[in-house]
Amino acid sequence: NMEIVTIVHEGKLTHQDSMGNTGAISKGEVQYMSAGTGVTHAEVNQEKEPIHLYQIWIMPDEQNQTPQYAQKDFSNLPKNTLVPVASGQANSEQDLNGAIPIRTNSTIYKANIESGGTVRYTLGHDRGLFIYLQSGQVEINGVEFSKEDQARIMDETDIVIKGLETAELVAIDVPMKLPI
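Residues numbered from 1 in each chain as written. Predicted model: local features only at pLDDT ≥ 70, side-chain atom pairs only at ≥ 80, totals over all residues. Heavy atoms only, no water.

Participant: Just to check I follow, could you spell out the pattern of salt bridges for this structure?
Facilitator: Between side chains of opposite charge, a pair can form as their charged atoms come close. Enumeration according to the criterion identifies two salt bridges in this entry. With a closest N to O distance of 3.3 Å, lysine 27 and glutamate 10 form a salt bridge. Taken together, the positions of lysine 27 in the loop between strand 3 (22–26) and strand 4 (29–34) and glutamate 10 in strand 1 (residues 3–10) put the pair 17 residues apart, joining distant regions of the chain. Residues aspartate 173 and arginine 127 are paired through a salt bridge, measuring 2.6 Å at the closest nitrogen-oxygen approach. One end of the pair, aspartate 173, is in strand 15 (residues 158–175); the other, arginine 127, is in strand 12 (residues 127–140), with 46 residues separating them in the sequence. Taken as a pair, aspartate 173 and arginine 127 share a single burial class, namely buried. (Salt bridge = Lys/Arg side-chain N within 4 Å of Asp/Glu carboxyl O. Helix = DSSP H or I, 4+ residues; strand = E, 2+ residues; numbered from the N terminus. Buried < 20%, exposed > 50% of the residue type's maximum accessible area, 1.4 Å probe, protein only.)

The following block contains the structure:
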């Protein structure tokens, strides 16, 4: 019962699972696997080069669904744009065309930001935005972040990301649960 999204930044990851999916996930590609009612899988770096990846696990909106699998190449991203690579926010006002559908009220984005470039994002009410800076340096709402830093943004609406140098990042828009 997990939505699992793997984003490969460097190297190649070999994947095999009990649904019959086998193959490699290379730099720029995004893989989605919904564990649902259960799946066994193995992921191995069979190459000589090191691998760097993000594997994001998010709770699904509904439990015990049939497992699913998808993979897509996002290596040719436009500059200075948050590009949705996986999303379950079908009713969102944001452009989610091309994103891998996932079963949770969340969206995972990738972005390549040029030095001097700016990305603006509007965060909905009761939502959080997690940003993982893969490379480069950016300023997020006036705070500087460098390679491998992360930002956890809550209680903000307007997010402005400025490239202080060429940067690559992953951002995740998720619902924030309110205390009872």
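Participant: I tried to follow the sheet that holds strand 4 on my own but got confused; where do I start?
Facilitator: Note: strands within a sheet are paired through backbone hydrogen bonds, in either parallel or antiparallel orientation. With respect to topology, four strands assemble into an open sheet ordered 6-1-4-7, the strand pairing being antiparallel. Two strands in the sheet have a free side with no partner beyond their single neighbour: strand 6 (52–58) and strand 7 (68–73). Each adjacent strand pair in this sheet contributes to an overall mean axis angle of 15°, direction not counted. Pairing analysis gives six bridges linking strand 4 to strand 7, with the strands arranged antiparallel. For glutamine 31, the partnering residue across the bridge sits in strand 7 and is glutamine 71. (Pairing = 2+ DSSP bridges. Axes fitted to C-alpha atoms, helices over the stretch in contact; angles between N-to-C directions.)

Participant: What is the right way to look at the pairing of strand 4 in this model?
Facilitator: Regular strands have side chains that alternate between both faces of the sheet. Among the six residues of strand 4, six are classified as buried, and the element is accordingly described as predominantly covered. Neither face of strand 4 is open: one carries Glu29, Gln31 and Met33, the other Val30, Tyr32 and Ser34, and all of them are buried.

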